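# Reading the structure
Here are the chains, one letter per residue:
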Amino acid sequence: MKNVILCGINARYTHSNLALQCLKYAAGNKSHILEFSINDSVSRIVGGIVRGRPDAVGFSCYIWNIEHVLKTASTVKKILPQCFVFLGGPEVSHNSAGIMQKHAFIDMIIKGQGETPFSQWMGSFENGHDIGTTPSACIRFGGQITETADAPPYDLSHRPFMYEDLGAYENRTIYYETSRGCPYCCAYCMSANVPMSYVPLDRVKEELAYFIQAGVRQVKLVDRSFNYPPGRAYEILQTIIALSEKYPQSHTNFHLEISACLLDGPTVALIKTARDGLIQLEIGIQSTNPDTLKAVGRAHDTQKLLDNTRKLCGLQNIHVHADLIAGLPCESYDTFKASFNDAYRLNADTLQLGFLKMLRGAPLYNMAGRYGIVYTEYAPYEVLSTHAISYQELSTLHLIAHVLDSLYNTGHCKKTLAYLLPAYESPFSFFEQFALCLDKCGYFIKPQKKQIIFEALYQFAAGSQNVDLESVREALIFDWLCLEKPRVWPKGLEVSHMETDKMQIRRFFKDKGNIQKYLPAYQSLSPAETEKRCFMCVFDFIFPGQTAMLFDYGKKPGDRKFYQIIEPLK
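As a starting point, this report considers the structure included with it.

## Quick word on the side chain of Thr416
Topologically, Thr416 is positioned in helix 13 (residues 414–420). Taking relative accessible area as the criterion, Thr416 reaches 0% and is therefore assigned buried. Looking at Thr416, its side chain comes within polar contact range of the main-chain nitrogen of Leu476, at 3.3 Å.

## Some points on unusual backbone geometry
Pro229 follows Tyr228 through a cis peptide bond whose omega is -5°. Structurally, Pro229 can be placed in the loop between strand 11 (218–221) and helix 7 (230–246). Of note, the bond from Ala379 into Pro380 is cis; its omega dihedral lies within 30 degrees of zero at 10°. With respect to the secondary-structure elements, Pro380 resides in the loop between strand 16 (374–375) and strand 17 (383–385). Even without glycine at this site, Gln286 takes up a positive phi of about 65°.

## Description of the nonpolar core
Ranked by size, the top nonpolar core spans 165 residues in total, and within it Leu312, Phe340 and Phe430 carry the most contacts. Per-element tally for this core: the top contributor is helix 12 (residues 391–409), with nine residues. If you look at the next biggest cluster of nonpolar residues, it comprises 17 residues, including Phe84, Phe118, Trp121 and Met122.

## Topic: the sheet that holds strand 11
Overall, parallel pairing links the six strands, which are arranged 8-11-12-13-14-15 in an open sheet. In this open sheet, the two edge strands, each paired with only one partner strand, are strand 8 (173–176) and strand 15 (350–355). Taking the axes of each pair of neighbouring strands and ignoring which way they run, one obtains an average angle of 20° across the sheet. Examined bridge by bridge, strand 11 and strand 12 (residues 253–258) share three bridges and lie parallel to one another.

## Quick notes on the packing of aromatic side chains
Counted by the stated rule, this structure contains 40 aromatic pairs. Seen from their ring centres, Tyr176 and Phe211 are 5.3 Å apart, and the 80° between their planes marks the pair as edge-to-face. With Tyr176 in strand 8 and Phe211 in helix 6 (residues 201–214), the pair connects residues that are 35 residues apart, well separated along the chain. No difference in accessibility class separates Tyr176 from Phe211, as the two residues are buried. Members of the aromatic cluster, joined through ring pairs, are Tyr333, Phe340, Tyr344, Tyr408, Tyr424, Phe428, Phe430, Phe431, Phe434 and Phe460. Its guanidinium or amino end placed over the ring of Tyr408, Lys414 lies 4.5 Å from that ring's centre, counting from NZ or CZ.

## Considering the pattern of salt bridges
Applying the stated criterion across every chain yields a total of 17 salt bridges. As a salt-bridge pair, Glu126 and Lys30 come within 3.5 Å of each other at their nearest N and O atoms. Here Glu126 is found in helix 5 (residues 115–126), whereas its partner Lys30 is found in the loop between helix 1 (18–26) and strand 2 (32–37), with 96 residues between them in sequence. As a salt-bridge pair, Arg224 and Glu257 come within 3.5 Å of each other at their nearest N and O atoms. Taken together, the residues span a long stretch of sequence, with Arg224 in the loop between strand 11 and helix 7 and Glu257 in strand 12 at a distance of 33 residues.

## Notes on the environment of Ser37
Along the chain, Ser37 falls in strand 2. Sequence-wise, Ser37 and Gln465 are 428 residues apart; in three dimensions their C-alpha atoms are separated by 47 Å.

## Focus on the pairing of strand 15
Most of strand 15 is tucked away: five of the six residues are buried. Two elements, strand 14 (residues 319–326) and strand 15, share six bridges in a ladder whose sense is parallel. Among the inter-strand pairings, Ala322 is bridged to a residue of strand 15, identified as Leu351. The β-α-β motif built from strand 14, the intervening helix 11 (residues 333–344) and the parallel element strand 15 has right-handed crossover chirality.

## Remarks on the side chain of His103
For His103, the location among the structural elements is in the loop between helix 4 (96–102) and strand 5 (108–110). Once residues lying within four places of it in the same chain are set aside, the contact partners of His103 are Leu70 and Arg140.

## Some details on the sheet that holds strand 3 (residues 56–60)
In space, the seven strands of this open sheet follow the order 2-1-3-4-5-6-7, with mixed pairing throughout. For this open sheet the edge positions go to strand 2 and strand 7 (144–147), each flanked by a neighbour on one side alone. Taken over all neighbouring pairs, the strand axes of this sheet differ in orientation by 20° on average, direction set aside. Direction of pairing for strand 6 (residues 137–141) relative to strand 7: antiparallel, over a ladder of four bridges. Its bridge partner being in strand 7, Ile139 is matched across the sheet by Thr146. With respect to the sheet, helix 2 (residues 42–51) is in contact with strand 1 (4–10), strand 2 and strand 3, its orientation differing from that of strand 2 by roughly 170°. Each of strand 1, strand 3, strand 4 (84–88) and strand 5 is contacted by helix 5, which is oriented at about 145° to strand 1, the strand it contacts most.

## Some remarks on the environment of Phe226
Within the secondary structure, Phe226 is located in the loop between strand 11 and helix 7. The exposure class of Phe226 is buried, given its relative accessible area of 4%. Once the C-alpha coordinates of Phe226 and Ser179 are considered, the two residues, 47 residues apart in sequence, prove to be 7.6 Å apart. With residues near it in sequence (within four places) discarded, Phe226 still touches Leu221, Ala233, Ile236, Leu237, Leu256, Glu257 and Ile258.

The rules behind these values
Residues numbered from 1 in each chain as written. Predicted model: local features only at pLDDT ≥ 70, side-chain atom pairs only at ≥ 80, totals over all residues. Heavy atoms only, no water. Helix = DSSP H or I, 4+ residues; strand = E, 2+ residues; numbered from the N terminus. Buried < 20%, exposed > 50% of the residue type's maximum accessible area, 1.4 Å probe, protein only. Polar contact = N/O pair within 3.5 Å; in protein donor to acceptor, adjacent residues only side chain to side chain. Core = buried A, V, L, I, M, F, W, Y, C linked by side-chain atoms within 4.5 Å. Pairing = 2+ DSSP bridges. Axes fitted to C-alpha atoms, helices over the stretch in contact; angles between N-to-C directions. Phe/Tyr/Trp six-rings, centres within 6.5 Å; stacked < 30°, edge-to-face > 60°. Lys NZ or Arg CZ within 6 Å of the ring centre and 35° of its normal. Salt bridge = Lys/Arg side-chain N within 4 Å of Asp/Glu carboxyl O. Right-handed = clockwise from strand over helix to strand, strands pointing away. Contact = heavy atoms within 4.5 Å.

This is how it looks when you write it as structure tokens:
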């Protein structure tokens, strides 16, 4: 039997490669999978492959790993010149012949959906037959490159279950597919115009039960529009919620990408019944500019999308991740401001400000000239400017994205933002002004300790008009205490207990009644040991009346009971 290795170089160690699993099982489970991350050196990856002495090695190619793949594949070919090297994945599925002409070490590229081509190639390769019948492929024969006819779209109902052995997925994300393709034709997306295919519902329910019973950490559905059609999605959500109730010991989390404009009242009501942390939803807003949406063929009801997303963000039991894309056609700096403000005011848990990538195979790739889109010639092919937005304006948006991540998406400064933003014309106005202030101070030149942005934010607030600085200072202290037990304090935010305060705090921790009421998990510890795990602080401005707050660092920050109000100290 020929030894075929499928190599995945993932964006992170915690990720797994669904594409390689699909290939392996479609071809009868005869190949071997090796997975690495882009943080692994090329030499380490090459060593792992060469030790397996493969007859053939295939690589899964994406914008985030293509440089790593090309370096690795070329090195393997030098060490094992008789090894058959082939590539597949979205990054090489277009202009495949051109890629092979440029890189002589590539023997074959499989284009598009790979299950059928790989299965047929595997059968021919194993038995020494002509591989020239492999569909959807570019194949090198001597000095010639031959392109074969495309295979028909793969029918997901034929897909076998691929996760019988979960040993390799401990503490990792499992990528799972219940549907393939997308009903929408967004011009920037490679799933545009890909026909829909579904795994039968009864199988989906069985496989979801398997994941929950096994206690998998996270299952991320790669369905482009999970809730299309809505009725099918409702059944799957019902199943997930029912299974979580049946197996309460399981802490499996499900990540779903949805189209919010397809949501209805019953589905939102159903989601509201899910246990905390069971479901996280990703919602692509991208833009709220009508001209932009029309240009990219995104035929969504924007108002309905915003209204439904706002309803989901108002629930307390799920995590909502919203996306924006800067650099789309017809989106100027000013119209993007409006898109940003519309999205920010939804109060999503995470708001990702991403930048347009000109992906080969996406319809927009062939429309670049029409919209004056200039982009990098190397992966990830990010937009540099368009007819509507300049390079400098996009550079400013990059700074804003950095600040948005640091203050909002991390959750580090949400209390402070609630006090600061009302003093500004709009959320975008605040993030823009603060980002430009940080840039002027050289903040972005090198990585910074996290207290630096707290110090900078306090100084920025002190120089702003209409800001209640005492409240902002307290909010910053509160946010800092929510990160970790303070060993250092940002300058200007120091909290030092007076000797009388220290005596009151010691009495609090010596009182067994207090420990039983507020910290029952520490009843077996000494007062000194309990105090080491906690911090107390009195706030005068950011809560109704003077409020004493107890922070319990024995719990993870983010736990709803991580901090709690206690009765006034006496």
